[in-house]
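# Summary of the model geometry
Now for the letters of each chain:
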Amino acid sequence: EAAVTQSPRNKVTVTGGNVTLSCRQTNSHNYMYWYRQDTGHGLRLIHYSYGAGNLQIGDVPDGYKATRTTQEDFFLLLELASPSQTSLYFCASSAGYAEQFFGPGTRLTVL
Amino acid sequence: GEKVEQHESTLSVREGDSAVINCTYTDTASSYFPWYKQEAGKSLHFVIDIRSNVDRKQSQRLTVLLDKKAKRFSLHITATQPEDSAIYFCAASMNYNQGKLIFGQGTKLSIKP
(Lines give C-alpha, C1' and ligand atoms only; values in the text may rest on other atoms or scores of the structure.)
Protein backbone atom coordinates (compact mmCIF):
# COMPACT_ATOMS: atom_id res chain seq x y z
CA GLU A 1 0.00 0.00 0.00
CA ALA A 2 1.29 3.45 -0.95
CA ALA A 3 2.11 5.34 2.24
CA VAL A 4 1.74 8.85 0.77
CA THR A 5 -1.14 9.51 -1.60
CA GLN A 6 -2.12 12.68 -3.42
CA SER A 7 -5.29 13.81 -5.13
CA PRO A 8 -6.09 14.80 -7.74
CA ARG A 9 -3.25 13.45 -9.89
CA ASN A 10 -3.96 15.97 -12.62
CA LYS A 11 -5.80 19.27 -12.46
CA VAL A 12 -6.53 22.00 -14.99
CA THR A 13 -7.92 25.32 -13.85
CA VAL A 14 -8.17 28.86 -15.13
CA THR A 15 -6.43 31.99 -13.92
CA GLY A 16 -8.16 33.20 -10.77
CA GLY A 17 -9.54 29.77 -10.01
CA ASN A 18 -9.61 28.08 -6.63
CA VAL A 19 -7.67 24.82 -6.23
CA THR A 20 -7.12 22.44 -3.32
CA LEU A 21 -4.49 19.72 -3.48
CA SER A 22 -4.80 16.91 -0.94
CA CYS A 23 -2.19 14.68 0.64
CA ARG A 24 -2.62 11.78 3.04
CA GLN A 25 0.12 9.74 4.70
CA THR A 26 -0.17 6.50 6.62
CA ASN A 27 3.43 6.48 7.88
CA SER A 28 2.49 7.92 11.29
CA HIS A 29 4.99 10.70 10.56
CA ASN A 30 4.79 14.03 12.30
CA TYR A 31 6.31 16.04 9.46
CA MET A 32 4.66 16.74 6.13
CA TYR A 33 5.84 18.91 3.25
CA TRP A 34 4.57 20.47 0.05
CA TYR A 35 7.05 21.01 -2.81
CA ARG A 36 6.83 22.21 -6.35
CA GLN A 37 9.10 20.84 -9.07
CA ASP A 38 10.04 22.97 -12.04
CA THR A 39 12.72 22.31 -14.64
CA GLY A 40 15.93 24.06 -13.68
CA HIS A 41 14.85 24.64 -10.09
CA GLY A 42 14.75 21.17 -8.61
CA LEU A 43 12.28 20.91 -5.74
CA ARG A 44 11.30 24.00 -3.80
CA LEU A 45 9.57 23.88 -0.44
CA ILE A 46 6.25 25.72 -0.26
CA HIS A 47 4.97 24.92 3.25
CA TYR A 48 5.54 22.25 5.85
CA SER A 49 4.07 21.11 9.14
CA TYR A 50 5.21 19.47 12.37
CA GLY A 51 1.80 18.10 13.25
CA ALA A 52 -1.93 18.70 13.24
CA GLY A 53 -2.71 22.40 13.41
CA ASN A 54 0.92 23.42 12.84
CA LEU A 55 2.11 25.27 9.73
CA GLN A 56 5.58 26.48 8.78
CA ILE A 57 6.44 28.72 5.87
CA GLY A 58 8.78 27.29 3.27
CA ASP A 59 10.97 28.97 0.68
CA VAL A 60 8.37 29.83 -1.99
CA PRO A 61 5.12 30.43 -0.06
CA ASP A 62 3.66 33.36 -2.02
CA GLY A 63 0.23 32.57 -3.46
CA TYR A 64 -0.18 29.39 -1.40
CA LYS A 65 -1.93 28.52 1.83
CA ALA A 66 -1.77 25.19 3.60
CA THR A 67 -3.64 23.46 6.37
CA ARG A 68 -2.84 20.34 8.39
CA THR A 69 -6.12 19.03 9.73
CA THR A 70 -4.89 15.73 11.20
CA GLN A 71 -1.59 13.90 11.49
CA GLU A 72 -2.48 12.15 8.23
CA ASP A 73 -3.86 14.99 6.10
CA PHE A 74 -2.14 18.05 4.64
CA PHE A 75 -3.80 20.35 2.11
CA LEU A 76 -2.37 22.98 -0.24
CA LEU A 77 -4.70 25.80 -1.27
CA LEU A 78 -4.35 28.11 -4.26
CA GLU A 79 -7.09 30.71 -3.84
CA LEU A 80 -6.37 32.81 -6.94
CA ALA A 81 -4.43 30.54 -9.23
CA SER A 82 -1.98 32.11 -11.69
CA PRO A 83 -0.16 30.63 -14.71
CA SER A 84 3.13 30.87 -12.76
CA GLN A 85 1.73 28.18 -10.45
CA THR A 86 1.61 25.65 -13.27
CA SER A 87 3.90 22.96 -11.91
CA LEU A 88 4.30 19.43 -10.59
CA TYR A 89 3.46 19.34 -6.88
CA PHE A 90 4.79 16.74 -4.48
CA CYS A 91 3.77 15.99 -0.94
CA ALA A 92 6.15 14.17 1.40
CA SER A 93 6.26 12.95 4.98
CA SER A 94 9.07 12.18 7.38
CA ALA A 95 9.85 11.41 10.98
CA GLY A 96 11.75 14.71 11.01
CA TYR A 97 15.48 14.76 10.54
CA ALA A 98 15.40 11.68 8.30
CA GLU A 99 14.36 10.21 4.98
CA GLN A 100 11.36 11.83 3.33
CA PHE A 101 8.73 9.67 1.62
CA PHE A 102 7.15 11.26 -1.42
CA GLY A 103 3.70 10.96 -2.92
CA PRO A 104 3.11 10.34 -6.65
CA GLY A 105 2.67 14.03 -7.47
CA THR A 106 -0.09 16.27 -8.82
CA ARG A 107 0.33 17.98 -12.16
CA LEU A 108 -1.42 21.35 -12.08
CA THR A 109 -2.02 23.46 -15.16
CA VAL A 110 -3.32 27.02 -14.82
CA LEU A 111 -4.60 28.40 -18.11
CA GLY B 1 19.72 31.26 3.23
CA GLU B 2 21.23 27.92 2.38
CA LYS B 3 21.80 27.16 -1.31
CA VAL B 4 22.64 23.82 -2.86
CA GLU B 5 24.18 23.69 -6.31
CA GLN B 6 24.43 20.65 -8.54
CA HIS B 7 27.21 21.13 -11.01
CA GLU B 8 26.15 18.77 -13.75
CA SER B 9 22.67 19.16 -15.22
CA THR B 10 23.21 16.10 -17.41
CA LEU B 11 25.68 13.23 -17.28
CA SER B 12 26.10 10.34 -19.67
CA VAL B 13 28.21 7.25 -18.97
CA ARG B 14 28.63 3.83 -20.54
CA GLU B 15 27.04 0.87 -18.82
CA GLY B 16 29.51 -0.65 -16.41
CA ASP B 17 31.48 2.58 -15.93
CA SER B 18 31.32 4.79 -12.83
CA ALA B 19 29.32 8.00 -12.50
CA VAL B 20 30.01 10.91 -10.15
CA ILE B 21 27.54 13.68 -9.33
CA ASN B 22 28.81 16.70 -7.43
CA CYS B 23 27.04 19.17 -5.15
CA THR B 24 28.11 22.18 -3.14
CA TYR B 25 26.35 23.97 -0.30
CA THR B 26 26.76 27.37 1.29
CA ASP B 27 25.81 27.09 4.96
CA THR B 28 28.45 25.62 7.26
CA ALA B 29 25.68 24.68 9.71
CA SER B 30 24.31 22.08 7.29
CA SER B 31 24.78 18.63 8.75
CA TYR B 32 22.57 16.21 6.84
CA PHE B 33 22.96 15.43 3.13
CA PRO B 34 20.54 13.01 1.45
CA TRP B 35 20.27 11.95 -2.17
CA TYR B 36 17.03 11.20 -4.00
CA LYS B 37 16.37 9.46 -7.31
CA GLN B 38 13.54 10.24 -9.72
CA GLU B 39 12.95 7.82 -12.58
CA ALA B 40 11.20 9.08 -15.68
CA GLY B 41 7.59 10.01 -15.00
CA LYS B 42 7.79 8.89 -11.38
CA SER B 43 8.12 10.35 -7.94
CA LEU B 44 11.27 10.72 -5.87
CA HIS B 45 12.68 8.10 -3.57
CA PHE B 46 15.53 8.16 -1.12
CA VAL B 47 18.75 6.40 -2.11
CA ILE B 48 21.45 7.26 0.43
CA ASP B 49 22.43 9.95 2.91
CA ILE B 50 25.42 11.12 4.95
CA ARG B 51 25.66 13.09 8.18
CA SER B 52 28.40 15.53 9.01
CA ASN B 53 30.00 13.32 11.65
CA VAL B 54 31.45 11.08 8.89
CA ASP B 55 33.10 11.81 5.55
CA ARG B 56 32.19 8.63 3.66
CA LYS B 57 29.25 6.27 3.50
CA GLN B 58 28.76 3.29 1.22
CA SER B 59 25.70 1.25 0.35
CA GLN B 60 26.26 -1.45 -2.26
CA ARG B 61 27.22 0.36 -5.49
CA LEU B 62 26.60 3.82 -4.04
CA THR B 63 29.13 5.88 -2.09
CA VAL B 64 28.68 9.40 -0.74
CA LEU B 65 31.72 11.53 0.07
CA LEU B 66 31.52 14.67 2.20
CA ASP B 67 34.21 17.40 2.29
CA LYS B 68 33.11 19.84 4.98
CA LYS B 69 36.05 22.19 4.41
CA ALA B 70 35.14 22.64 0.75
CA LYS B 71 31.38 22.43 1.51
CA ARG B 72 31.10 19.78 -1.15
CA PHE B 73 29.55 16.32 -1.32
CA SER B 74 29.31 13.80 -4.12
CA LEU B 75 27.49 10.63 -5.14
CA HIS B 76 29.54 7.87 -6.73
CA ILE B 77 27.83 5.04 -8.58
CA THR B 78 30.00 2.11 -9.62
CA ALA B 79 29.28 -0.57 -12.23
CA THR B 80 26.39 1.46 -13.64
CA GLN B 81 23.34 -0.37 -14.97
CA PRO B 82 20.47 0.79 -17.21
CA GLU B 83 18.18 1.07 -14.18
CA ASP B 84 20.49 3.75 -12.77
CA SER B 85 19.21 6.12 -15.46
CA ALA B 86 17.24 8.81 -13.62
CA ILE B 87 17.40 12.33 -12.27
CA TYR B 88 19.39 12.49 -9.04
CA PHE B 89 18.82 15.27 -6.53
CA CYS B 90 21.16 16.19 -3.73
CA ALA B 91 19.88 18.08 -0.68
CA ALA B 92 21.09 19.62 2.54
CA SER B 93 19.54 20.26 5.92
CA MET B 94 20.44 21.81 9.24
CA ASN B 95 19.54 20.08 12.50
CA TYR B 96 17.41 22.80 13.91
CA ASN B 97 15.26 23.02 10.76
CA GLN B 98 13.62 19.75 11.75
CA GLY B 99 13.96 17.99 8.44
CA LYS B 100 13.57 20.95 6.11
CA LEU B 101 15.59 20.12 2.98
CA ILE B 102 17.11 22.44 0.40
CA PHE B 103 17.40 20.62 -2.91
CA GLY B 104 19.81 21.02 -5.79
CA GLN B 105 18.53 21.44 -9.33
CA GLY B 106 18.96 17.78 -10.28
CA THR B 107 21.34 15.83 -12.55
CA LYS B 108 19.92 13.70 -15.31
CA LEU B 109 22.05 10.57 -15.54
CA SER B 110 21.87 8.51 -18.73
CA ILE B 111 23.45 5.08 -18.97
CA LYS B 112 24.45 4.20 -22.53
CA PRO B 113 24.62 0.54 -23.63
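For the structure, check the block above.
This text gives an overview of the structure that appears in the document. (Residues numbered from 1 in each chain as written. Chains lettered and ligands numbered in written order. Predicted model: local features only at pLDDT ≥ 70, side-chain atom pairs only at ≥ 80, totals over all residues. Heavy atoms only, no water.)

Once that is clear, we can look at the packing of aromatic side chains. With the rule as written, the count across this model stands at 18 aromatic pairs over all chains. Where A:Tyr35 meets B:Phe103, the ring centres are 5.5 Å apart and the plane angle is 90°; that geometry is what we call edge-to-face. With A:Tyr35 in strand β4 (residues 31–38) and B:Phe103 in strand β10 (residues 102–103), the pair connects residues from two separate chains. Each member of the pair, A:Tyr35 as well as B:Phe103, carries the same accessibility label: buried. Aromatic side chains B:Tyr25 and B:Phe33 sit 4.8 Å apart centroid to centroid with 45° between the ring planes, which places their arrangement in the tilted category. Like B:Tyr25, the residue B:Phe33 is buried in the burial classification. Each member of the aromatic cluster is reached from another via a ring pair, and the members are A:Tyr31, A:Tyr33, A:Tyr35, A:Tyr48, A:Tyr50, A:Phe90, A:Phe102, B:Tyr36, B:Phe46, B:Phe89 and B:Phe103. (Phe/Tyr/Trp six-rings, centres within 6.5 Å; stacked < 30°, edge-to-face > 60°. Helix = DSSP H or I, 4+ residues; strand = E, 2+ residues; numbered from the N terminus. Buried < 20%, exposed > 50% of the residue type's maximum accessible area, 1.4 Å probe, protein only.)

All names here are of chain A. Spatially, β1-β3-β8-β7 is the arrangement adopted by the 4 strands of the open sheet, whose pairing is antiparallel. The open sheet has two edge strands with one neighbour each: β1 (4–7) and β7 (65–68). Averaged over all neighbouring strand pairs, the angle between strand axes comes to 15°, with direction disregarded. Pairing of strand β3 (residues 19–25) with strand β8 (residues 73–78), which is carried by 6 bridges, proceeds in the antiparallel orientation. Each bridged residue has a counterpart across the sheet, and for Arg24 the counterpart in β8 is Asp73. (Pairing = 2+ DSSP bridges. Axes fitted to C-alpha atoms, helices over the stretch in contact; angles between N-to-C directions.)

Another aspect to go through is the layout of surface pockets. Which parts of space are left empty comes out when a probe the size of a water molecule is rolled across the atoms. Put simply, the largest pocket is a space of about 640 Å³. Lining the largest pocket are 30 residues, and of these A:Gln37, A:Leu88, B:Gln38, B:Gly41 and B:Ile87 lie nearest its centre. Listed by contribution, the elements that provide at least two residues to the lining of the largest pocket are β4, β9 (87–94) and β11 (106–110) of chain A together with β9 (86–92) and β11 (107–112) of chain B. Tallying contributions element by element places β11(B) first for the lining of the largest pocket, with 4 residues. By volume, the second largest pocket amounts to about 410 Å³. (1 Å grid on protein atoms, 1.4 Å probe; cavity = no way out; pocket = protein on both sides within 12 Å on 5 of 7 lines; lining within 4 Å. Points joined across faces, edges and corners; volume = space filled by probe spheres on them.)

Here the focus is the nonpolar core. Residues and elements named next belong to chain B. Core analysis: the biggest nonpolar cluster contains 24 residues, and Phe33, Trp35, Phe73, Leu75, Ile77, Tyr88 and Leu109 have the highest contact counts within it. When residues of this core are traced back to their parent elements, those giving at least two are β2 (10–14), β3 (19–25), β4 (32–38), β5 (44–51), β7 (62–67), β8 (72–77), β9 and β11. Residues contacting Ile77, with those up to four places away along its chain left out, are Asp17, Ser18, Ala19, Arg61, Leu62, Asp84, Tyr88 and Leu109. (Core = buried A, V, L, I, M, F, W, Y, C linked by side-chain atoms within 4.5 Å. Contact = heavy atoms within 4.5 Å.)

Here we take up the sheet that holds strand β6 (residues 56–59) of chain B. By way of backbone hydrogen bonds, the strands of a sheet pair with one another, either parallel or antiparallel. All names here are of chain B. What the 5 strands build is an open sheet, ordered β1-β3-β8-β7-β6; its pairing is antiparallel. The sheet is open, and its two borders are formed by β1 (4–6) and β6, each paired with just one other strand. On average, each strand axis in the sheet is tilted by 15° relative to the strand beside it, whichever way the strands run. One ladder, built from 3 bridges, connects β1 with β3; its direction is antiparallel. When the bridges of β3 are listed, Glu5 appears paired with Thr24.

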